[in-house]
Amino acid sequence: MDYLALNDAIKKGELGNLYLFQGEENFTKERSLRRIMELWKDQLPEINLSVYQDTAGEDELVAAINALPMMADRRLVVVKDCPALQSRGGDMPQLLETVKDLPETTMAIFFMRGKADGKRSLTKALKPYAVEFPRLGEKEMLQYLRVDARRRGLAWDGGAAERLIFQVGDDMACVALEAEKLYAAVQEGRITQEDVERYGTRNITANVFQMMDQVLRGRMGEAMVRLEEVLSEGEQPV
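What counts, and where the lines are drawn
- Residues numbered from 1 in each chain as written.
- Predicted model: local features only at pLDDT ≥ 70, side-chain atom pairs only at ≥ 80, totals over all residues.
- Heavy atoms only, no water.
- Buried < 20%, exposed > 50% of the residue type's maximum accessible area, 1.4 Å probe, protein only.
- Helix = DSSP H or I, 4+ residues; strand = E, 2+ residues; numbered from the N terminus.
- Pairing = 2+ DSSP bridges.
- Right-handed = clockwise from strand over helix to strand, strands pointing away.
- Phe/Tyr/Trp six-rings, centres within 6.5 Å; stacked < 30°, edge-to-face > 60°.
- Salt bridge = Lys/Arg side-chain N within 4 Å of Asp/Glu carboxyl O.
- Contact = heavy atoms within 4.5 Å.
- Patch = residues over 30% accessible without salt bridge, like charges linked within 9 Å, V, L, I, M, F, W, Y side chains within 5 Å.
- Areas by Shrake-Rupley, 256 points an atom, 1.4 Å probe, with all protein chains shown as cover.
- Core = buried A, V, L, I, M, F, W, Y, C linked by side-chain atoms within 4.5 Å.

Of all 6 residues making up strand β4 (residues 106–111), 6 are buried, and the element is well covered by its neighbours. Here β4 shows a buried face lined by Thr-106, Ala-108 and Phe-110 and a second buried face lined by Met-107, Ile-109 and Phe-111. Examined bridge by bridge, strand β1 (residues 18–22) and β4 share 4 bridges and lie parallel to one another. When the bridges of β4 are listed, Leu-18 appears paired with Ala-108. With 6 bridges joining them, strand β3 (residues 75–80) and β4 adopt parallel strand pairing. Looking at β4, one finds that Leu-76 is bridged to Met-107. You can see the chain leave β3, run along helix α5 (residues 93–100) and come back into β4, and the turn it takes is right-handed.

Across all of its chains, the model carries 6 aromatic pairs by this definition. Between Tyr-3 and Phe-133, the ring centres sit 6.0 Å apart and the planes meet at 25°, which makes this aromatic pair stacked. On the criterion of sequence distance, the pair formed by Tyr-3 in helix α1 (residues 3–12) and Phe-133 in the loop between β5 (130–132) and α7 (138–151) is long-range, its members being 130 residues apart. We classify Tyr-3 as buried; its relative accessible area is 12%. Seen in terms of ring centroids, Phe-21 and Phe-133 are 5.3 Å apart; in terms of plane orientation they differ by 55°. Their pairing is tilted. Highlighted residues: Phe-21 in strand β1 and Phe-133 in the loop between β5 and α7, separated in sequence by 112 residues. Classification of Phe-133 as buried rests on a relative accessible area of 0%.

Bringing the pattern of salt bridges into the picture now. Once their charged atoms are close, side chains differing in charge can pair, the charge on each being opposite to the other. Under the definition given, this model contains 14 salt bridges. Across the pair Asp-81 and Arg-113 runs a salt bridge whose closest N-O atoms are separated by 2.3 Å. Of this pair, Asp-81 sits in the loop between β3 and α5 while Arg-113 sits in the loop between β4 and α6 (121–126), and the two are 32 residues apart along the sequence. Beyond isolated ion pairs, a larger network of salt bridges with shared partners links Asp-148, Arg-151, Arg-152 and Glu-180.

In this section: the environment of Ala-130. You can see Ala-130 is positioned in strand β5. Under the relative-accessibility criterion, Ala-130 is labelled buried at 11%. Between the C-alpha atoms of Ala-130 and Ala-116, which are 14 residues apart in sequence, the distance is 9.8 Å. Aside from chain neighbours lying at most four places away, what touches Ala-130 is Met-1, Leu-20 and Gln-22.

Looking now at a nonpolar patch on the surface. Residues Ile-47, Met-70 and Met-71 make up a contiguous nonpolar surface patch of roughly 330 Å² in combined accessible area. Tracing the backbone shows Ile-47 in helix α3 (residues 45–48).

Counting 41 residues, the largest nonpolar core has Phe-21, Ile-36, Leu-145, Trp-156 and Leu-164 as the members making the most contacts within it. The dominant element in this core, judged by the number of residues it contributes, is helix α9 (residues 172–186), at 7 residues. When near neighbours in sequence (up to four residues on either side) are disregarded, Leu-164 contacts Leu-145, Trp-156, Gly-169, Val-175, Glu-178, Ala-179, Leu-182 and Val-196. Core analysis: the next-biggest nonpolar cluster, separate from the first, contains 26 residues, Ile-65, Leu-85, Leu-95 and Ala-125 among them.

Structure follows, in structure tokens:
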């Protein structure tokens, strides 16, 4: 299953009981997890929602998955970066057996910030329940920005969203963070390329590109300012 099918299942309220979230794109992965966790806000989340990090022990995880929900139909257990899914992690045979016979009253999500090790027994057991989150391309990033801006009563001027992606890079989490800064600065109307230049953070590639463009245009003073910015960020003079 890909993340789009998962999001469709979330909208329709047709979620299963077991998932493995894995892939390069942590931004969409976190968003999907947050949307699912929000479904538990009316089901006593302090009792029926448990989130565990990679330091959780096997006995603790097994107990959480087998626990009965309190005054609700299901409880949600989220396990982040489970050692039994990583190449250097230890085996968790009891957890493996629990996952194979998962209680109907529990929804379990194994959340990996990258890819699970395909050679591990737990990974193989979770393979039919895996949701893939590949790195977003520019088209998907632009779509997210347009929808996100529209939701806030804003719009991107021609080329402004593309400029932001070029200026920040292809990390969707960074792009979304920079977009938040622009929303706060502009507040209403359209976000222009000038706004992106004024308020956005530039990565080194964007700074070097602009510096060379200014050199070619004969704007040596502006080029020197940009060069100083690049060097101050730790880039080597060459």
